[in-house]
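# Descriptive analysis of the structure
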Amino acid sequence: MTPDIDKLKKVATQVRRDIVRMVHACQSGHPGGSLGCADYLVALYFHTLKHNTKFSMDGQGEDLFFLSNGHISPVWYSVLARSGYFEISELATFRKLNTRLQGHPTTHEKLPGIRIASGSLGQGMSVAIGAALAKKANNDSQLVFSLHGDGELQEGQMWESAMYASHNKVDNLISTIDVNGQQIDGPTDKILSLGNLRAKWEAFGWDVLDMNGNDMTDVIRVLDLAISKTSKGKPIMILMQTMMGNGVDFMMHTHKWHGSAPNDEQLASALGQLEETLGDY
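Below or above, wherever it landed, is the structure these notes cover. (Residues numbered from 1 in each chain as written. Predicted model: local features only at pLDDT ≥ 70, side-chain atom pairs only at ≥ 80, totals over all residues. Heavy atoms only, no water.)

### What about the overall build of the chain?
Scanning the chain from N- to C-terminus turns up 10 helices and 7 strands. For the chain, whose C-alpha radius of gyration is 18 Å, the value lies close to the compact-globule estimate of 19 Å for 281 residues. Its C-alpha atoms give the chain principal-axis dimensions of roughly 50 × 45 × 35 Å. Taking all 281 residues of the chain together, 56% fall into the buried category. Restricting to contacts in the chain with at least 6 residues of sequence separation, those with at least 24 account for 76%. (Helix = DSSP H or I, 4+ residues; strand = E, 2+ residues; numbered from the N terminus. Rg over C-alpha atoms; globule rule 2.2 N^0.38 Å. Buried < 20%, exposed > 50% of the residue type's maximum accessible area, 1.4 Å probe, protein only. Contact = heavy atoms within 4.5 Å.)

### What to know about the pattern of salt bridges
Tallied over the entire structure, the rule returns 12 salt bridges. Residue Arg 115 is joined to Glu 62 by a salt bridge in which the shortest nitrogen-to-oxygen separation is 3.8 Å. Linking Arg 115 in the loop between α4 (73–82) and α5 (124–137) with Glu 62 in the loop between α3 (38–48) and β1 (64–67), this pair joins segments that are 53 residues apart in sequence. Of the two residues examined, Arg 115 and Glu 62, each falls in the buried class. A salt bridge links Asp 171 to Lys 136; the nearest nitrogen and oxygen atoms lie 2.7 Å apart. Residue Asp 171 is located in the loop between α6 (156–167) and β3 (173–179), and its partner Lys 136 is located in helix α5; the two are separated by 35 residues in the primary sequence. Note on Lys 136: relative accessible area 36%, which makes it partly exposed. Each of Arg 17, Glu 276 and Asp 280 takes part in one network of salt bridges that share partners. (Salt bridge = Lys/Arg side-chain N within 4 Å of Asp/Glu carboxyl O.)

### Comments concerning α3
Buried residues dominate α3, accounting for 10 of its 11 residues. Residues of α3 that are buried: Ala 38, Asp 39, Tyr 40, Leu 41, Val 42, Ala 43, Leu 44, Tyr 45, His 47 and Thr 48.

Shown next, in the form of structure tokens:
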């Protein structure tokens, strides 16, 4: 199916509005990475994933997605709501007491779309590999997708998982790294340099692709290409270049909005840059 790029862009713009409003309302959360990954999550849920909004935990016969860097929950919650998993109005409860929309995704609230608690960095790929192997055992031909932060690659469990996936030919897995060069304490190059990520993942036996994560056309192209490379003996890794805070000028080019909420004036400035395309919650 040929994607409607303009429509996807409009959804992504609304998702960005949702993100800044959610984080502002509770004065807590992580807008930077959420804004940067909006195009990817919108492309995934509105074009790429074969998924069912009538949610079941086992996900048999459908593609699965796991968010490893769970602190960017605002973008995921917005995309889940906008794609029909739960009422859009529930976004107003983000990080409030007794909400299903916890700061990091959890499962005991039974929020549709959430299959694991995440945010303890380094763990999501292990879960995604397990789900992918379960699909193989069940003769389920659908795929597993996962998203990770680049700072998350400083966790050793990531590389244990990488080695395991290639050794066991987990070729129904498409993982993506959000390479925005920023983490909570500063630029990744200053905190702990990641080196040549393509060379590292290729050395670990993965098929590696590059993506401009803030260009909707390229996101769709690379996701389609990744799917075409599955079932060929190697797990797929997408190195997705994004700008933290993309779409809001004063949140870009800095790590300072990794986990900070805008004040009233800053919210107004952000919303002035993001068209209301689908209607606010």
